[in-house]
Amino acid sequence: MQTPKKIAIVGSGLVGSLLAIYLKKAGHTVHIYDRSPDIRQIQFSGRSINLAMSNRGWKALDGVGVGDAVREIAIPMDKRAIHLVDDLKFQNYGQEGECIYSISRGTLNRKMIDLAEEAGADFFFEQKIWDVTLTTATLHIGETERGAWEERQYDLVFGADGAFSRIRHRMQRQSMFNYSQEFLNIGYKELNIPANADGSHKLDKNSFHIWPRGEYMLIALSNLDGSFTCTLFMPFEGENSFASLNDRKEVEAFFEKNFPDSVEVIPNLAEDFFKNPTSTLVTMKCYPWTYTDKIALIGDACHAIVPFYGQGMNAGFEDITVLNEMILKYGDDWERVFSEYQKSRKPNADAIAELSYRNFVEMGTKTADDKFLLQKKIEKWFSDKHPDKWIPLYSRVTFSDRPYVEALALGDFQNAIMEKVLKMDNIETIWDSAAVENKILELLQSQ
Ligand SMILES: Cc1cc2nc3c(=O)[nH]c(=O)nc-3n(C[C@H](O)[C@H](O)[C@H](O)COP(=O)(O)OP(=O)(O)OC[C@H]3O[C@@H](n4cnc5c(N)ncnc54)[C@H](O)[C@@H]3O)c2cc1C
């Protein structure tokens, strides 16, 4: 058991509120600050985005006994529903019983705040943190950046304030602080498929619906009330882009042509399209994540990634699992807790950033590439035959809690094998032959 401390968490998002539960259960006083109003009191729409929760997220929730409360608001998805322009195909995610879970971000965040409050954490909403004094863990709070600020001193401060963190902002001004940020040329917009009149879902609720079209795509995840939250990912500029869709007619014609089966289920397409904001996607990396025994960054505040692996929140929750392991190991030695936490997490955060970015590149440039499609077909065929010898990369990331660095290494290893296999003579015709099977088995052995 640790000596009780007075701890501030900046950010009552998903990561901040789960961290609060862990720290409360460890016996600390926990104050959480958020610049926004209490989301339990406001309408949350237009940028709510549904999240896919997978193993790493559940492990962190179960680790503090709140997994079952969250399962009540989650819908299992055991397969992808792939909407082609003229066909609909289903593809199971993993082995029998393996699912990811659709959860509305707003509903989950409200639930997490309720759970953190029940655990005894104190929330302070509409409190903007502008700065922190690193050496004394003092927060500077005020209405405006240039107005009067109040000071609140703590023993420790956690920055769980997201991709544009003010806590990180202060840490960035130290020497030897590394930082990079890269925006994609793809943005996203939320749309909505309402429930049927009887409250049922218009599409299969246990599927992750995807309309892949190379450079742009639409996805839809089910909600408990019978609706689906859709996200349209598309370049900002160019032929098929947000910039090319300027009025109702253009939007409707674009959807009719490219996502024909979505049109009848999205009744307010044009209204939503022009009402809802177009948001950006960023990869942000930095290091170090901690300052002495006083300050630590966690979640998107230290590793924002693009969403194409559905792992941002899962990775943030896994930060908490690892931080907690260090707390159990090093107790009151917070400096050691922090330094072991960041050493353990940084390579894994970089690995999932890389995997997520690769998925984005694959979607944009490779889905129309015949060699790439052949590679995926061979991998699936071989993995079905030898499930113990070829774990699909997606499964390693999503259905296990082995470190992300291992998944990245596995992906590289599998790609190196497939590069050799694709060079075999007449691979297009012999792809499912004994010769290919033996070649892969041999290459797997040679490592
Ligand atoms: C389109 C999209 C789809 C995604 N899909 C998935 C998915 O399927 N699965 C998945 O695991 N992840 C997904 N993610 C990633 C996931 O949303 C994030 O990783 C996660 O929300 C990060 O949580 P967080 O608590 O670290 O930060 P945030 O959710 O950004 O919360 C930060 C909080 O800090 C507060 N704050 C910020 N600055 C201040 C300040 N100065 N003072 C006080 N308060 C402040 C904010 O108001 C906010 O409440 C997706 C992300 C996007 C954009």
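So, on to the site of the ligand. Taken together, 28 residues lie around the ligand, and Asp34, Ala52, Arg105, Ile129 and Asp300 are the ones closest in. At a separation of 3.0 Å, a nitrogen atom of the ligand approaches a polar backbone atom of Arg35. Contact between the ligand and Asn314: an oxygen atom at 3.0 Å from a side-chain N or O atom of the residue. Burial of the ligand by the protein amounts to 87% of the accessible area it has alone, namely 1000 Å².

Turning to the domain arrangement of the protein chain, a few remarks are in order. Taken as a whole, the protein chain is organised into domain 1 (6-40 + 51-75 + 104-180 + 284-359), domain 2 (182-280) and domain 3 (369-445). For domain 2 versus domain 3, the distance between C-alpha centres works out to 33 Å.

This next bit is on the pattern of salt bridges. Inspection of the entire model under this criterion finds 29 salt bridges. Between Asp204 and Lys79 there is a salt bridge, with the nearest N and O atoms lying 3.0 Å from each other. Of this pair, Asp204 sits in the loop between strand S14 (186-193) and strand S15 (207-213) while Lys79 sits in strand S5 (residues 79-84); the two residues are 125 residues apart in sequence, bridging distant segments of the chain. For Asp204, a relative accessible area of 30% puts it in the partly exposed group. Salt-bridge contacts for Glu379 lead to Lys376; the nearest nitrogen and oxygen are separated by 3.8 Å. With Glu379 and Lys376 both in helix H11 (residues 370-385) and 3 residues apart, this pair spans about one turn of that helix. With a relative accessible area of 34%, Lys376 lands in the partly exposed category.

What follows covers the environment of Lys275. Its location among the elements puts Lys275 in helix H8 (residues 269-275). Its relative accessible area of 60% is what places Lys275 among the exposed residues. As for Lys275 and Glu190, which are separated by 85 residues in sequence, their C-alpha atoms are 9.7 Å apart.

This part takes up the sheet that holds strand S9 (residues 129-133). Overall, antiparallel pairing links the 3 strands, which are arranged S9-S10-S11 in an open sheet. Strands with a single pairing partner mark the edges of an open sheet, and in this sheet they are S9 and strand S11 (149-153). Mean inter-strand twist for the sheet, computed between neighbouring axes without regard to direction, equals 25°. By the bridge criterion, 5 bridges tie strand S10 (residues 138-142) to S11 in an arrangement that is antiparallel. Counted as the bridge partner of Leu139 is Arg152 from S11.

The rules behind the values
- Per chain, the residues get numbers from 1 upward, laid out in the order the sequence is written.
- Given that this is a predicted model, residues contribute local features only at a pLDDT of at least 70 and side-chain atom pairs are listed and counted only at 80 or more, while totals for whole chains, interfaces and linings are drawn from all residues.
- Only heavy atoms go into the side-chain values, all of them from the structure, while hydrogens and water stay out.
- The near set for a molecule or strand comprises every residue that places at least one heavy atom within 4 Å of it.
- Nitrogen and oxygen atoms within 3.5 Å of one another constitute a polar contact, given that in protein one can donate a hydrogen and the other can accept it, and given that sequence-neighbouring residues count only through two side-chain atoms.
- Note on areas: Shrake-Rupley with a 1.4 Å probe; residue coverage comes only from the protein chains shown.
- Domain limits in this description derive from either an automatic procedure or a database domain assignment.
- In the sections that follow, a salt bridge refers to a side-chain nitrogen of Lys or Arg positioned within 4 Å of a carboxyl oxygen of Asp or Glu.
- Strands here are runs of E lasting at least two residues and helices are runs of H or I lasting at least four, both read from the DSSP assignment and numbered beginning at the N terminus.
- Buried means the residue's accessible area, taken with a 1.4 Å probe over protein chains only, is under 20% of the maximum for its type, while exposed means over 50%, and partly exposed covers the values in between.
- DSSP-based pairing: two strands are paired if at least 2 bridges between them are found.
- Working convention: axes come from line fits to C-alpha atoms, limited for helices to the stretch in contact. Angles between N-to-C directions cover 0 to 180 degrees.

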